[in-house]
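# Descriptive structure summary
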Amino acid sequence: MAKAQRRYVCQSCGSVSHRWQGQCADCNEWNTLVEEASAVVTPFQAKHNLQSGGRALTLVALDAEIALPERMTFGIPEFDRALGGGLVAGSATLIGGDPGVGKSTLLLQAAARLARAGRNVAYVSGEEAADQVRLRAQRLGLGDAPVQLAAATSTRDILTTLGQGTSPALLVIDSIQTMHSDLIEGAPGTVSQVRATAQELIRFAKERGTAVILVGHVTKDGSIAGPRVLEHMVDTVLSFEGERSHQYRILRAIKNRFGGTDEIGVFAMAGEGLVEVANPSSLFLTQRDESVTGSIVFPALEGTRPVLVEIQALVVRLASGATPRRAVVGWDSGRLAMILAVLEARCGLSFSTCEVYLNVAGGYRVQDPAADLAVAAALISALSERPVASDGVAFGEIALSGEIRPVAHAPLRLKEAGKLGFTRAMVPTGVTDAASVRLSSFRNLASFVDHMLGRG
């Protein structure tokens, strides 16, 4: 007789255990194992050979002359840039972000643009009623867009409705955590429900050629909630970043099977919705009419787009015996500790009795290793109370030996700095292509410190 097996699935990481325990052995979270129904296993099924009984697949040669799928562009260049040039028919895209950051607003704007271009677009909301979505569309000036709206949470109902007529070119599901499949036991949002629902929607996308965009909730640390297998199932994963206190929003590709993951789209929240930002540097640069100690501009690079941001540092000397504090906003705290150690070991500058505060203006987060030299310049300027020229920029990677190493796309960084009125640049040795920017090259950090302090 077939025997039903019990299994317990972790609601955080999706791992399966055959007995209940208080702590998950894989992710170490407590009280996350929930019992779920498992398929009945018979001895025949356990011994069944999968090498026969299936349908034969049609194999296609890699060099076959088959037309590649075309991309659908939304007419929103920043959104299309992050997607790698637009959506591919039959693809599945997952977009996540904090509550209220503008995910639904951006997707409604994109869906309306595509519908106005003559495409069949369906927008299914599991969190709002259809009238609520219509109210938002009217507020954004999109009330006349021919987007098909629905408020539903049943995956069976959604796929049955969409399968009756012509399949839409775009299907937006807001959000995947609210969808429910009647084939799986469990409440919406559980690991099994999210996995099963996403699998059915992705299968529909591949079979019908419909591009599907899934909205995903995020946890308190910013990662997409639910099983990590969801990110593996989709073709593209986008992260919509931004703080409510700041005007800008950044759409960043984390995974993209049809393009690169180094492009970003920059938006600003306005009364009419999300507005594209043609010059992102204007958002992250403060007024620089006069020179200030501890401030330097760094030309960061996001994909093929240079973005100028301001690095700010503050050094406060403490009384003897006090424990200094290190605070970083917008940069890696471990990398700051490394820069401070190199400045002390290789250049003789002491920060051991000083509190150090580092900030990237505008709420931007820098991940480019070329920011090392700009951070070092801001720290040296704050410690010595000697301001850096307001028309200067700096970039370069610092090694533990004190060597300043060249970075990628230096001419592109300098070109952007020159366009915004900067005339000086402190760069590693070997950078030459600079039309309107005067270069100061440095081989190691010691010579850079001498230059900053006016020693030679």
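Residues numbered from 1 in each chain as written. Predicted model: local features only at pLDDT ≥ 70, side-chain atom pairs only at ≥ 80, totals over all residues. Heavy atoms only, no water.

The name that an unreviewed UniProt entry assigns to the chain is DNA repair protein RadA, with the source organism given as Sphingomonas hominis. Here the chain is described in UniProt, under the heading Sequence similarities (unreviewed entry), as follows: "Belongs to the RecA family. RadA subfamily." (UniProt positions renumbered as here; feature names shortened; annotations may be inferred.)

Let us now look at the packing of helix α3 (residues 103-116) against helix α4 (residues 130-139). In the contact formed by α3 and α4, the axes pass within 11 Å of each other and the chain directions differ by 75°. When the interaxial angle is binned, α3 and α4 end up roughly perpendicular. Where α3 approaches α4, its residues Ser104, Thr105 and Leu108 are matched on the opposing element by Val133, Arg136 and Ala137. Residue composition of the contact of α3 with α4, grouped by class: three nonpolar, two polar and one charged. (Axes fitted to C-alpha atoms, helices over the stretch in contact; angles between N-to-C directions. Helix = DSSP H or I, 4+ residues; strand = E, 2+ residues; numbered from the N terminus. Parallel < 35°, antiparallel > 145°, perpendicular 65-115°, else oblique. Contact = heavy atoms within 4.5 Å. Nonpolar A, V, L, I, M, F, W, Y, C, P; charged D, E, K, R; others polar.)

Residues Phe298, Leu343, Leu379, Leu445 and Phe448 are the most contacted members of the largest nonpolar core, which totals 66 residues. Beyond its immediate chain neighbours, meaning those up to four positions away, Leu343 contacts Gly348, Leu349, Phe351, Leu379, Ile380, Leu445 and Val449. Grouped together as the second largest cluster of nonpolar side chains are 37 residues, Ile76, Leu83, Leu106 and Ala137 included. (Core = buried A, V, L, I, M, F, W, Y, C linked by side-chain atoms within 4.5 Å. Buried < 20%, exposed > 50% of the residue type's maximum accessible area, 1.4 Å probe, protein only.)

With 18 residues, helix α6 (residues 191-208) extends 26 Å between its outermost C-alpha atoms, agreeing within 8% with the 26 Å of an ideal straight helix rising 1.5 Å per residue. Among the residues making up α6, those that are buried are Val191, Ser192, Gln193, Val194, Ala196, Thr197, Ala198, Leu201, Ile202, Phe204 and Ala205. A positive backbone phi angle near 75° is found at Gly209, which sits one or two residues after α6. (Expected span 1.5 Å × (residues − 1).)

Estimated volume of the second largest pocket: approximately 290 Å³. Forming the boundary of the second largest pocket are 14 residues, of which Val388, Ala389, Arg424, Met426 and His451 lie nearest the centre. Taken together, the elements giving at least two residues each to the lining of the second largest pocket come down to β19 (392-394), β22 (424-428), β23 (438-442) and α12 (445-453). In terms of residue count, the dominant contributor to the lining of the second largest pocket is β22 (three residues). (1 Å grid on protein atoms, 1.4 Å probe; cavity = no way out; pocket = protein on both sides within 12 Å on 5 of 7 lines; lining within 4 Å. Points joined across faces, edges and corners; volume = space filled by probe spheres on them.)

Across the sheet, which stays open at both edges, the nine strands sit in the order β8-β7-β9-β10-β6-β11-β12-β13-β14 with mixed pairing between neighbours. Each of the sheet's edge strands pairs with one partner strand only, and the pair in question is β8 (148-151) and β14 (273-276). When the angles between neighbouring strand axes are averaged without regard to direction, this sheet yields 25°. Note: strand β7 (residues 121-125) against β8, four bridges, orientation parallel. Among the inter-strand pairings, Ala122 is bridged to a residue of β8, identified as Gln148. Sitting on the sheet, α4 touches β7 and β8, and the angle it makes with β8 is about 135°. (Pairing = 2+ DSSP bridges.)

What follows deals with the packing of helix α5 (residues 155-162) against α6. Contact pair α5 / α6: the axes reach a minimum separation of 10 Å and the direction vectors enclose 10°. The angle between α5 and α6 falls in the class roughly parallel. Between α5 and α6, the residues in contact are Thr155, Leu159 and Leu162 and Thr197, Glu200, Leu201, Phe204 and Arg208, respectively. Split into classes, the residues belonging to the contact of α5 with α6 amount to four nonpolar, two polar and two charged.

Within the fold, Leu83 resides in the loop between α2 (77-82) and β5 (87-88). Residues Leu83 and Phe267, spaced 184 residues apart in sequence, show a C-alpha to C-alpha distance of 15 Å. Every residue in contact with Leu83, bar those within four places of it in the chain, is listed here: Arg71, Phe74, Thr93, Thr236, Leu238 and Asn256.

Looking now at unusual backbone geometry. A cis amide bond, omega 10°, links Asp174 with the succeeding residue Ser175. Along the chain, Ser175 falls in the loop between β9 (170-174) and α6. In this model, Asn28 sits at a positive phi of 65°, which is unusual for a non-glycine residue. With a phi close to 55°, Asn31 is a non-glycine residue in the positive phi region. Along the chain, the position of Asn31 falls in the loop between β2 (16-17) and β3 (33-37). Judged by relative accessible area, Asn31 falls into the exposed class, the value being 59%.

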